[in-house]
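# Survey of secondary and tertiary structure
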Amino acid sequence: MAIRDLLWACPFCRAEDVIRPDGGGEACKQCGARFRRTHGAEIEAVPAGGQPVRRHAADWAAELPPVRLPAEGQGGPDDREYRRSAAVARLVVGYEPVRAGGEYVGRAERFGPPVQGMLILTGRSLTFAPTEGQPQQWPLDAVAAVQPSSSALQIRMRGGPVVLFRFPEASVRLWDETIQEALRRLYRSTGRGEILEFQPRISVR
Amino acid sequence: MILYRLCQTIVRVGWPLVGRLHVRGMENVPASGPFLLIANHQSVLDPILIQTVCPRTLHTMAKSTQFASPPMRWLMPRLKSFPVRRFEPDPQAVRLVLRRLQEGHGVGIYIEGERSWDGRLQAPRRGTVRLILRAGVPVVLTAIAGSYEAWPRWDRRLRRSDVAIVFGQPVQWPAMLDRAEREAMVDAAASDLMSRLSDLLDAARRLRGG
């Protein structure tokens, strides 16, 4: 969890995915603006060579540009890369029962070990390439649900695994918005309609 | 129940170190019988604070990943929380809500399904709206303001902040057991619920003084 999860684009230079940890705060690696939380939910931003600006987080967030995807090819979404970030993946490998006073009240996920690698989103697929071992690729069509959870993104594949991705440097919110936008584009281009919600499963109007 | 009450006491004693806690509308929580408490979600503090001030014991739906570790799987049910899987339909969670309501309890659900990134109200989860329409019990809409300023989703640190909680007057739809009937009502009910919750959130912000 970090300011870059909220501000996935720099409010000054408008570049996406450029705010990174820097000393005690965070800084834009493109224009050098620095960010830190002050009182309450107020964020102080200091543009390079400028004066500090303090505003409520909601006011900063309101100025974010919409997530931009590369222009669509004539034949609809293709294999052009939309986003790539270092990620830590954990697969749901099973479930544990949850009981309250002996009464079964549901089940909770059991996660496998964390695997470091690179998450790559294109117009047609999502690929996780671990630092060691074979990459795993899922067609974007196979994504059944997208759910941000704290500082992670849970993605359920149709008939396949539930994977939880954490992003050591990138913004989880940006990834959430980008995958959602890529899915909207894919569904539109294949005539499946407008996506209504992404959880608990993707549904269309 | 001992841990639930202990947690309430710890929060009541400890919260003044963080800020003031303003509460309005406690008389709107039914003194007996089932009810759904439907709240906005700004911070991890919300369930703790709402359970502390709610005059009735509240069974709260929480994301299943919070139960992933054995200590949390032991603790959370003792705080009257039960898991819901948010990334796939979870009929067990729905059944449990209905069972708790049949038993005459109050059940708390965060209608946005996750914490707000910027503190503003988000769209409601349609599954929660369907559940409200199916249950047909009094719905106490509840707004919390200030918890975002204390501990927003994008930071790990707790900061001083006053918090206000406003319980709204109960609203109720007749139980709609027919799926088609529920589906026909979902959009209108969602719009009505969020409009009421938005008004309550404004009231909570005024009460907090912000």
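Residues numbered from 1 in each chain as written. Chains lettered and ligands numbered in written order. Predicted model: local features only at pLDDT ≥ 70, side-chain atom pairs only at ≥ 80, totals over all residues. Heavy atoms only, no water.

### A short note on the overall build of chain A
- On a plain count of helices and strands, chain A comes out with three helices and 15 strands.
- Each of the three principal axes of chain A carries a C-alpha extent, and together these read 55 × 55 × 40 Å.
- For chain A, buried positions account for 53% of its 205 residues.
- In chain A, the proportion of contacts linking residues at least 24 apart, taken out of those at least 6 apart, comes to 45%.
- Within the structure as shown, chain A displays about 9100 Å² of accessible surface, and the carbon and sulfur contribution to it stands at 48%.
- Charge centroids of chain A, computed over 28 positive and 24 negative side chains, lie 2 Å from each other. (Helix = DSSP H or I, 4+ residues; strand = E, 2+ residues; numbered from the N terminus. Buried < 20%, exposed > 50% of the residue type's maximum accessible area, 1.4 Å probe, protein only. Contact = heavy atoms within 4.5 Å. Areas by Shrake-Rupley, 256 points an atom, 1.4 Å probe, with all protein chains shown as cover. Lys, Arg positive; Asp, Glu negative; His and termini not counted. Charge placed at Lys NZ, Arg CZ, Asp CG, Glu CD.)

### A word on the interface of chain A and chain B
- The partner chain B presents 38 residues to the 47 residues of chain A that form the contact.
- Between chain A and chain B, roughly 3800 Å² of surface is buried when both sides are summed, and carbon and sulfur atoms account for 52% of that area.
- In this structure, the salt-bridge partner of B:Asp187 is A:Arg205, at a minimum N-O distance of 3.7 Å.
- Applying the counting criterion to the chain A and chain B interface returns 19 residue pairs in polar contact (both at pLDDT 80 or more). (Buried area = accessible area lost by both parts, 1.4 Å probe. Salt bridge = Lys/Arg side-chain N within 4 Å of Asp/Glu carboxyl O. Polar contact = N/O pair within 3.5 Å; in protein donor to acceptor, adjacent residues only side chain to side chain.)

### Thoughts on the pattern of salt bridges
- The final tally for this structure, using the stated rule, is 32 salt bridges over all chains.
- Between B:Glu103 and B:Arg100 there is a salt bridge, with the nearest N and O atoms lying 3.1 Å from each other.
- A relative accessible area of 8% means that B:Arg100 is categorised as buried.
- The structure contains a network of salt bridges with shared partners spanning A:Arg36, A:Glu42, A:Glu44 and A:Arg54.

### Focus: the nonpolar core
- By size, the foremost hydrophobic cluster in this structure holds 53 residues, and its most contacted members are A:Phe35, A:Phe165 and A:Leu183.
- Examining the composition of this core, we find that eight residues originate from one element, helix 3 (residues 172-189) of chain A, more than from any other.
- If you count residues domain by domain, this core takes at least three from each of domain 1 (3-62) and domain 2 (81-204) of chain A.
- Every residue in contact with A:Leu183, bar those within four places of it in the chain, is listed here: A:Leu140, A:Val143, A:Val146, A:Ile195, A:Phe198 and A:Ile202.
- Formed by 43 residues, the second largest nonpolar core is a distinct cluster that contains B:Leu98, B:Leu101, B:Leu131 and B:Val166. (Core = buried A, V, L, I, M, F, W, Y, C linked by side-chain atoms within 4.5 Å. Domains from an automatic or database assignment.)

### Focus: the state of the cysteines
- Evaluation of the coordinates by the stated rule reveals zero disulfides over all chains.
- Not engaged in a disulfide, the cysteine A:Cys28 finds its nearest cysteine sulfur in A:Cys31; these two sulfurs lie 3.7 Å apart.
- Since its relative accessible area comes to 4%, A:Cys28 is described here as buried.
- We note that B:Cys7 lacks a disulfide partner, and the nearest cysteine sulfur, in B:Cys54, lies 14 Å from it. (Disulfide = S-S within 2.5 Å.)

### Let's talk about the side chain of A:Arg20
Residues and elements named next belong to chain A.
- Tracing the chain through its elements places arginine 20 in strand 1 (residues 19-22).
- Side-chain polar atoms of arginine 20 contact the side chain of aspartate 17, separated by 3.3 Å.
- Residues within four places of arginine 20 in sequence aside, it is in contact with Arg4, Gly25, Glu26, Ala27, Lys29, Glu169 and Ala170.

### Side note on the sheet that holds strand 4 (residues 42-46) of chain A
All names here are of chain A.
- With respect to topology, five strands assemble into an open sheet ordered 1-2-3-4-5, the strand pairing being antiparallel. The open sheet has two edge strands with one neighbour each: strand 1 and strand 5 (53-56). Between one strand and the next, the sheet's axes are offset by a mean angle of 30°, whatever the strand orientation. (Pairing = 2+ DSSP bridges. Axes fitted to C-alpha atoms, helices over the stretch in contact; angles between N-to-C directions.)

### Some remarks on the sheet that holds strand 2 (residues 35-39) of chain B
Residues and elements named next belong to chain B.
- Taking strand neighbours across the sheet as the criterion, the seven strands line up as 1-7-6-2-5-3-4 in an open arrangement whose pairing is mixed. The open sheet has two free edges, formed respectively by strand 1 (21-24) and strand 4 (81-84), since each of these has just one partner strand. On average, each strand axis in the sheet is inclined to that of its neighbour by 25°, with strand direction left out of account.
- Across four bridges, strand 6 (residues 139-145) lies against strand 7 (residues 163-167) in antiparallel orientation. Within the sheet, the bridge partner assigned to alanine 143 lies in strand 7 and is valine 166.

### Some details on the domain arrangement of chain A
Residues and elements named next belong to chain A.
- Entries for chain A in the domain assignment read domain 1 (3-62) and domain 2 (81-204).
- One C-alpha centre belongs to domain 1, the other to domain 2, and the line joining them spans 27 Å.
- Taken together, the nine residues of domain 1 in the interface contact ten residues of domain 2.
- Interface area, domain 1 with domain 2, both sides summed: about 850 Å², of which 45% is carbon and sulfur.
- With its nearest N and O atoms 3.7 Å apart, the salt bridge here joins arginine 20 to glutamate 169.
- Across the domain 1-domain 2 interface, the total number found is eight residue pairs in polar contact (both at pLDDT 80 or more).
- At the level of elements, helix 1 (3-6) and strand 1 are the ones that each hand at least two residues to the side of domain 1 that touches domain 2.
- Counting residues per element, the side of domain 1 that touches domain 2 draws most heavily on helix 1, which supplies three residues.

### Some points on unusual backbone geometry
All names here are of chain A.
- With an omega of -5°, the peptide bond running from glutamine 199 to proline 200 counts as cis.
- In this model, aspartate 17 sits at a positive phi of 55°, which is unusual for a non-glycine residue.
- Inspection of the secondary structure assignment puts aspartate 17 in the loop between helix 1 and strand 1.
- Residue classification places aspartate 17 among the buried positions, given a relative accessible area of 15%.

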